[in-house]
Amino acid sequence: MKEKFRQFMIGRYGTDGLNQFLSIAALVLLLIAIISRVSIFTYLGMALLIFCYYRTFSRNISKRTEENYKFYTLKDRVDNKFKGVKEQWANRKVYHYYRCPQCRQKLRVPRGRGRIQISCPRCGTQFIKKS
């Protein structure tokens, strides 16, 4: 049986990061559907599960690889956004963060220095803020 499945999967895409995300999202939606008894979650969960299996058994490997690449690109953007927020939260007692009024560049200044003049390294704008 194991050998038959291995022969069946030859030339097919298999699983990747996007498939893992889709299957976990489908399971979460199906659990929400069971708890809340709202049928839309059942339909969405089943649609994600069907799409996950479609991708797994697909023979168009280049297309599935491109989809996975786009998924990881989006995932990295989201991760980097939250990484910056996490870093700001960890340094909140040492630094104060401001945005330049001209170019919107995020600037970090030390806390406890009183009123200071901040110069934006990007556009050269100077402004006064309390640190």
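Relevant structure appears above.
As the structure is a computational prediction, the values presented were derived from the model and not from experiment.

Calculation notes
- Residues numbered from 1 in each chain as written.
- Predicted model: local features only at pLDDT ≥ 70, side-chain atom pairs only at ≥ 80, totals over all residues.
- Heavy atoms only, no water.
- Patch = residues over 30% accessible without salt bridge, like charges linked within 9 Å, V, L, I, M, F, W, Y side chains within 5 Å.
- Areas by Shrake-Rupley, 256 points an atom, 1.4 Å probe, with all protein chains shown as cover.
- Salt bridge = Lys/Arg side-chain N within 4 Å of Asp/Glu carboxyl O.
- Helix = DSSP H or I, 4+ residues; strand = E, 2+ residues; numbered from the N terminus.
- Buried < 20%, exposed > 50% of the residue type's maximum accessible area, 1.4 Å probe, protein only.
- Expected span 1.5 Å × (residues − 1).
- Contact = heavy atoms within 4.5 Å.
- Lys, Arg positive; Asp, Glu negative; His and termini not counted.
- Charge placed at Lys NZ, Arg CZ, Asp CG, Glu CD.
- Axes fitted to C-alpha atoms, helices over the stretch in contact; angles between N-to-C directions.
- Parallel < 35°, antiparallel > 145°, perpendicular 65-115°, else oblique.
- Left-handed = near helix turned anticlockwise from the far one by under 90°.
- Disulfide = S-S within 2.5 Å.
- Core = buried A, V, L, I, M, F, W, Y, C linked by side-chain atoms within 4.5 Å.
- Pairing = 2+ DSSP bridges.

S.K.: Account for a nonpolar patch on the surface, with residues named and values stated.
M.R.: There is a patch of nonpolar side chains on the surface, built from F5, F8, Y53 and F57 and spanning about 410 Å² of accessible area. Its location among the elements puts F5 in helix α1 (residues 2-9). Residue classification places F5 among the partly exposed positions, given a relative accessible area of 49%.

S.K.: Give me the lowdown on helix α4 (residues 61-90), citing residues and values where you can.
M.R.: For α4, with 30 residues, the first-to-last C-alpha span of 42 Å sits near the 44 Å given by 1.5 Å per residue. Listed in full, the buried residues belonging to α4 are R64, N68 and F71. Contacts from the buried residues of α4 go to α2 (17-36) and α3 (39-56).

S.K.: Go over a positive patch on the surface with me, naming the residues and quoting the values.
M.R.: A grouping of K81, R99, R104 and K106 is seen on the molecular surface, where their side chains present a positively charged patch. In this fold, R104 is placed in the loop between β1 (95-99) and β2 (106-110).

S.K.: Any chance you could break down the packing of α2 against α3 for me, citing the residues and the numbers?
M.R.: Packed helices, taken two at a time, are described by the angle between their axes plus the distance between the axes. Contact pair α2 / α3: the axes reach a minimum separation of 8 Å and the direction vectors enclose 160°. Judged by the inter-axis angle, α2 sits roughly antiparallel to α3. Between α2 and α3 lies a crossing whose hand is left-handed. On the side of α2, the interface is formed by L18, N19, L22, S23, A25, A26, L29, L30, I32, A33 and S36, while α3 contributes F41, T42, L44, G45, M46, L48, L49, F51, C52, R55 and T56.

S.K.: Would you mind going over α3 in detail, with residue names and values included?
M.R.: If you check α3, its first and last C-alpha atoms are 26 Å apart, about what 18 residues at 1.5 Å a residue would give, namely 26 Å. As for α3, its buried residues are in contact with α1, α2 and α4.

S.K.: Give me the state of the cysteines: which residues, what numbers.
M.R.: This structure, assessed with the given rule, holds zero disulfides. With no disulfide of its own, C103 lies closest to C120 among cysteine sulfurs, the gap being 3.6 Å. Overall, the relative accessible area of 22% leaves C103 in the partly exposed class. For C120, a relative accessible area of 4% translates into the label buried.

S.K.: I'd like a description of the nonpolar core, backed by residues and values.
M.R.: In this structure, Y98, C100, L107, V109, I118, C120 and F127 together form the largest nonpolar core, which totals seven residues. Contact partners of Y98, with chain neighbours within four places excluded, come to Q105, K106, L107, V109, I118, F127, K129, K130 and S131.

S.K.: Can you explain the pairing of β2? Please cite residues and give values.
M.R.: The alternating pattern of β2 places L107 and V109 on a buried face, while none of K106, R108 and P110, on the opposite face, is buried. Where β1 and β2 come together, five bridges link them in antiparallel fashion. The partner of Y97 across the bridge, within β2, is R108. Counted along the chain from β1 to the antiparallel partner β2, the turn is six residues long, and its residue R104 has a positive phi close to 70°.

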